[in-house]
Amino acid sequence: MDIRVNIEGTDLNMEEVKALRKDASAALDRLWSGDMDMTGWVKAPVEQDEKSLEYLLDVADIIRSEAELMVVIGIGGSYMGAKSAIEALPRFEHGIEVKFLGINFCTDYYREIIEEVKRKNTILCVVSKSGNTMEIQAALEVLRPIMQQKYGSVEEASKRIVAVTDENKGRIREEANEMGYTTFPVPGNIGGRYSMMTPAGLLPMAVAGIDVRELLRGAQTAASSPLWDADAMDYAIARYMLHENCGKAVDVTCFNHSRMTFFGEWMKQLFGESEGKEGKGLWPATLQFSTDLHSMGQFLQEGSRIFFETMLVIDGCDDEIVIPAGNFKGMTMKQMNDIMVQGVIRAHRSAGNPIIEIHVPELTPFYFGQLVYFMETSCAITAMLMGVDPFNQPGVESYKSEMRKLCGME
Ligand code: PA5
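What you see is a predicted model, and the numbers here were worked out from it, not measured in a lab.

(A) Highlighting the site of the ligand. In the vicinity of the ligand there are 14 residues, among which Ser-78, Ser-128, Ser-130, Thr-133 and Gln-269 approach most closely. The contact in question runs from an oxygen atom of the ligand to an N or O atom on the side chain of Ser-78, over 2.6 Å. Side-chain polar atom of Thr-133 to an oxygen atom of the ligand: 2.5 Å apart, as the coordinates give it. Of the residues that constitute the shell around the ligand, the class distribution is one nonpolar, nine polar and four charged.

(B) Region of the structure containing the packing of helix H3 (residues 50-66) against helix H10 (residues 212-223). It is the contact of H3 with H10, at a shortest axis distance of 12 Å, that shows an interaxial angle of 150°. In contact with Glu-50, Leu-53, Glu-54 and Leu-57 of H3, H10 contributes Val-212, Arg-213 and Leu-216. Taken together, the residues of the contact of H3 with H10 break down into four nonpolar, no polar and three charged.

(C) Region of interest: the packing of aromatic side chains. Tallied over the full model, the rule gives 12 aromatic pairs. Both rings, one in Tyr-235 and one in Phe-374, keep their centres 5.3 Å apart while their planes meet at 20°; by these two values the pair is stacked. Here Tyr-235 is found in helix H11 (residues 230-244), whereas its partner Phe-374 is found in helix H15 (residues 365-386), with 139 residues between them in sequence. A single burial state applies to Tyr-235 and to Phe-374, both of which are buried. Put simply, the rings of Trp-41, Tyr-194, Tyr-373 and Phe-391 pair up and form one aromatic cluster. The aromatic ring of Tyr-151 is capped on one face by Arg-160, whose charged end is 4.0 Å from the ring centroid. Taking NZ or CZ as reference, Arg-239 lies 5.9 Å from the ring centre of Tyr-235, over its face.

(D) Just the domain arrangement of the protein, in detail. Along its sequence, the protein is carved into domain 1 (4-34 + 225-386) and domain 2 (41-212). Using C-alpha coordinates to define each centre, domain 1 is positioned 30 Å away from domain 2. In this assembly, domain 1 packs against domain 2 so that about 2,100 Å² is buried in total across both faces, 68% of it on carbon and sulfur atoms. In this assembly, domain 1 and domain 2 are joined by one salt bridge. Joining domain 1 to domain 2, the criterion identifies seven residue pairs in polar contact (both at pLDDT 80 or more). Elements with a minimum of two residues in the side of domain 1 that touches domain 2: helix H1 (14-33), helix H12 (261-275) and H15. The greatest single-element share of the side of domain 1 that touches domain 2, amounting to nine residues, is contributed by H15.

(E) Here's a closer look at the pairing of strand S3 (residues 97-101). Both strand S2 (residues 69-73) and S3 contribute to a ladder of five bridges, which runs parallel. Bridging from a neighbouring strand, Met-70 pairs with Val-98 of S3. In this view, the connection linking S2 to its parallel neighbour S3 by way of helix H4 (residues 80-88) has right-handed handedness.

(F) Inspection of the nonpolar core at higher detail. Counting residues in hydrophobic clusters, the biggest one holds 100 residues, and the most contacted among them are Leu-31, Leu-203, Phe-263, Leu-312, Phe-368, Phe-374 and Met-375. Sorting elements by how many residues they give to this core places H15 first, with 15 residues. When residues are assigned to domains, this core turns out to be shared by domain 1 (4-34 + 225-386) and domain 2 (41-212), each giving three or more. Core analysis: the next-biggest nonpolar cluster, separate from the first, contains 23 residues, Ile-114, Ile-146, Ala-157 and Ala-176 among them.

(G) Fine view of the sheet that holds strand S5 (residues 161-165). Reading across the sheet, the five strands line up as S3-S2-S4-S5-S6 and stay open at both edges, with parallel pairing between neighbours. Looking at strand neighbours, the two that pair on one side only are S3 and strand S6 (182-185), the edges of this open sheet. This sheet shows a mean twist of 20° between the axes of neighbouring strands, independent of strand direction. In this structure, strand S4 (residues 122-128) lies alongside S5, joined through five bridges in parallel fashion. For Leu-124, the partnering residue across the bridge sits in S5 and is Ile-161.

(H) The packing of helix H9 (residues 199-208) against H10, seen in detail. One way to put it is that H9 packs onto H10 with a least axis distance of 10 Å and a crossing angle of 140°. Here H9 lies oblique to H10, going by the angle between them. Each of Leu-202, Met-205 and Ala-206 in H9 lies in contact with H10, whose residues at this interface are Val-212, Leu-215 and Leu-216. Of the residues that constitute the contact of H9 with H10, the class distribution is six nonpolar, no polar and no charged.

(I) Quick peek at the environment of Ala-219. Its place among the elements puts Ala-219 in helix H10. The spacing of Ala-219 and Phe-391 is 172 residues in sequence and 19 Å in space, taken between C-alpha atoms. Residues within four places of Ala-219 in sequence aside, it is in contact with Pro-45, Met-197, Gly-369, Gln-370 and Tyr-373.

(J) Representation of unusual backbone geometry in the model. Omega for the peptide link from Phe-289 to Ser-290 comes to 15°, which places this bond in the cis form. Relative to the elements of secondary structure, Ser-290 occurs in the loop between strand S8 (283-288) and helix H13 (297-302). A positive phi angle, close to 65°, is found at Met-38, a residue other than glycine. Residue placement: Met-38 occurs in the loop between H1 and helix H2 (40-43). A positive phi is found at Glu-278, a non-glycine position, where the angle reads about 55°. Its location among the elements puts Glu-278 in the loop between H12 and S8.

(K) The pairing of S4, seen in detail. Most of S4 is tucked away, with seven of its seven residues classed as buried. Of the two faces of S4, the one holding Thr-122, Leu-124, Val-126 and Ser-128 and the one holding Ile-123, Cys-125 and Val-127 are both buried throughout. Pairing between S2 and S4: five bridges, direction parallel. Pairing of Val-71 across the sheet is with Leu-124, part of S4.

Rules used throughout
- Residues numbered from 1 in each chain as written.
- Predicted model: local features only at pLDDT ≥ 70, side-chain atom pairs only at ≥ 80, totals over all residues.
- Heavy atoms only, no water.
- Near = heavy atom within 4 Å.
- Polar contact = N/O pair within 3.5 Å; in protein donor to acceptor, adjacent residues only side chain to side chain.
- Nonpolar A, V, L, I, M, F, W, Y, C, P; charged D, E, K, R; others polar.
- Axes fitted to C-alpha atoms, helices over the stretch in contact; angles between N-to-C directions.
- Helix = DSSP H or I, 4+ residues; strand = E, 2+ residues; numbered from the N terminus.
- Contact = heavy atoms within 4.5 Å.
- Phe/Tyr/Trp six-rings, centres within 6.5 Å; stacked < 30°, edge-to-face > 60°.
- Buried < 20%, exposed > 50% of the residue type's maximum accessible area, 1.4 Å probe, protein only.
- Lys NZ or Arg CZ within 6 Å of the ring centre and 35° of its normal.
- Domains from an automatic or database assignment.
- Buried area = accessible area lost by both parts, 1.4 Å probe.
- Salt bridge = Lys/Arg side-chain N within 4 Å of Asp/Glu carboxyl O.
- Pairing = 2+ DSSP bridges.
- Right-handed = clockwise from strand over helix to strand, strands pointing away.
- Core = buried A, V, L, I, M, F, W, Y, C linked by side-chain atoms within 4.5 Å.
- Parallel < 35°, antiparallel > 145°, perpendicular 65-115°, else oblique.

And the structure:
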């Protein structure tokens, strides 16, 4: 694996870290054993079915040639992976625009998307593992008649709706079977926030023009790393120890690359929903540097000591923008960015902040695929060290149930 981790800046006792590697390895073994529920994502990159992938890429090709816009209807794990990749990664020129609906109940946001659907040649892609999520059902009910009116009939609209959902159950599956939508499965043993490498993430990414083969190759490389590189294991252990032994409540992940902002949102869901239960878990926060150094930088330097920092650094990028004059004459923007990272680490270390560094060679689909798999595995290991189930979300279910009651559905 090419993702490198440095935990020297945490001041954790390395003997204690090493001692925990045994528990972390046992957690990793359990993930790979196949005995644990909802761990289908662990082996998925190395067991990728070529035929299914080819079919997905063919459908993506057809969509790109026939439509200008794909509206993905999905929420939580059913949209964040795709959006984070689309915002972060370079796209082929033939990629089309991808927008997301069903991510809120905001009237103004709905209005914007509806206007776009009316104006542009559109494909809907409904992504819902359960097929029963309220935001998704509501969004489909709003857009389906608009599509039917726009394309002149129920049949013509149905040709332009794709469903990514459970193979056998849920309302979206029932509707897809009834209306004859093109469908893709979300495997039963993979939960929403671990589903980026399933059709839930891959189809919208491919339509947007991302090289999903490279992304999968990256995930495969990470999954094939020998019992996980020690330093990758240390990320999971360091987060656990900073929470458990040092009483830190917040993990602030700081990015040095502007296109990683939504990846931060994906991380928040992954870590927050996997760890935050039974009174445990780190609150996942994210910041964008250098922007946030001019606001939250104050808190990081002098505020209450409830947090540690994870510096997620994209090391490589082109070095073409040179500052032509002034104090920084001759320096490139990349050099300035590197110096910023070093300056931040020095300043925040002098304030006593524990800092984990994660280094990614470049922002390409290959390394992004590695990073996603790295985060999913680390998160699951930390949650298991904390003694919570990384793959359930009883708290999310309880809001859904209260809302259903208020809507008179239960
Ligand atoms: O990670 C999760 O399980 C959740 O965030 C779900 O992805 C989210 O609630 C949407 O659920 P569904 O895909 O069943 O519509």
